[in-house]
Amino acid sequence: MAKHTITLIPGDGIGPEVCDSARAVLAAAGVDIAWEVVEAGADVAEKHGGNPLPASVLDSVRRNKVALKGPIGTPIGKGFKSANVQLRQALQMFANLRPVKSLPGVSTPFTAAPVGKGGAPGGGAVDLVIVRENTEGMYTGIEHTIIPGVTQAIKVVTAEASTRICEFAFEYAEKMGYPRVTVVHKANIMKITDGLFLECGRAAARRHPRLEMVEMIVDACAMNMVRNPNRLGVIVTLNLYGDILSDLAAGLVGGLGIVPGANIGKDAAVFEAVHGSAPDIAGRGVANPTALIQSAVMMLDHLEEHEAARRIERALRDVYEKGTARTGDLGGKSTNKEFTDAIVAALA
Ligand code: ATP
């Protein structure tokens, strides 16, 4: 019997191609996995009354507790609640963890300051982490048309979810050796909701006196992320701000093709790239699989397969450093398959 049984959700658009690539790399690293492949997304929605997340997908993740997931597209302005949001809420995966780190040989639009060294520019690569609240905030999906032409969306912030996510961020910073946590909010405008989140951040900071805590308004954070990203350390923030800041952070390290992510809860963890289904390049075999491969590395650490995780990480860095292969989003000409083969060769 395989050592790990893991749910695989290939998803939409470039999902199946980047999932194939991640599977090939995990197999080459010798990790013993039995994949339980389940379908979710636009194509299956037609067979399930419009719902892109059939119950069988949730059952599989509940049973296996770990999943690797490709992106699932969300149509704008109509239909069911996003499959991604449904999955996170149903499995109570409250933390969305997104480490944003430069890869060797991939240029960034500026020169970052070394981690935790107070911010003077010069030297070093980008190294920050975004911890995004995953279950509430602006993502409740509660919206109304009050009268034609007047609409309303309801944002929910609770002390329970805010405390849980802030505590997670402080514990993660401590475990991973980051010197500070930046609590990002807009409490000057949303005094009650973001005010509560900020209070929960302050309380978490008091429980972790060894860490520095910085309070930052989200717009200032956007500017600081471009000017001096490594000052931020571990960012903890509400759902929508985390979504937007993640794409900004991805832009600093070469784009969405690179940044991995994990949705973590008490009973399940789902590993997925920050990027979406990228319909513009789907099916052409040119998508960069790095983000999902790095998500798979996070999954291996979660499964305590640290040795295989480090080997894949080294192989990936080796391919980037030597420029053996590079996909189009980063200025190269390699196909997804050529890039994957290069990593598999580096592993050997
Ligand atoms: P979603 O709404 O599903 O989050 P999105 O609108 O944010 O999606 P993405 O699907 O993430 O958009 O893609 C944004 C852009 O980044 C697209 O032009 C796409 O081609 C590019 N992109 C995203 N992921 C990759 C990848 N893995 N490799 C190459 N290019 C990518």
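It should be emphasised that the depicted structure is a prediction, and the values quoted were computed from it without experimental measurement.

Within the structure, the ligand sits among Ile14, Leu256, Gly257, His275, Gly276, Ser277, Ala278, Asp280, Ile281, Ala287, Asn288 and Asp329. Residue alanine 278 places a main-chain N or O atom 2.7 Å away from an oxygen atom belonging to the ligand. At a separation of 2.8 Å, an oxygen atom of the ligand approaches a polar side-chain atom of aspartate 280. Grouping the constituent residues of the shell around the ligand by class yields five nonpolar, five polar and two charged.

By domain assignment, the chain separates into domain 1 (1-101 + 256-348) and domain 2 (109-252). Measuring from the centre of the C-alpha atoms in domain 1 to the corresponding centre in domain 2 gives 24 Å. The partner domain 2 presents 23 residues to the 19 residues of domain 1 that form the contact. Taking both partners together, domain 1 and domain 2 bury about 1900 Å²; carbon and sulfur atoms supply 57% of that area. Counting across the domain 1 and domain 2 interface gives 10 residue pairs in polar contact (both at pLDDT 80 or more). Elements supplying a minimum of two residues to the side of domain 1 that touches domain 2: helix 4 (83-90), strand 4 (95-101) and strand 11 (262-264). Per element, the largest residue contribution to the side of domain 1 that touches domain 2 is seven residues, and it comes from strand 4. Partitioning the side of domain 1 that touches domain 2 into residue classes produces 11 nonpolar, four polar and four charged.

Rules behind the numbers
Residues numbered from 1 in each chain as written. Predicted model: local features only at pLDDT ≥ 70, side-chain atom pairs only at ≥ 80, totals over all residues. Heavy atoms only, no water. Near = heavy atom within 4 Å. Polar contact = N/O pair within 3.5 Å; in protein donor to acceptor, adjacent residues only side chain to side chain. Nonpolar A, V, L, I, M, F, W, Y, C, P; charged D, E, K, R; others polar. Domains from an automatic or database assignment. Contact = heavy atoms within 4.5 Å. Buried area = accessible area lost by both parts, 1.4 Å probe. Helix = DSSP H or I, 4+ residues; strand = E, 2+ residues; numbered from the N terminus.

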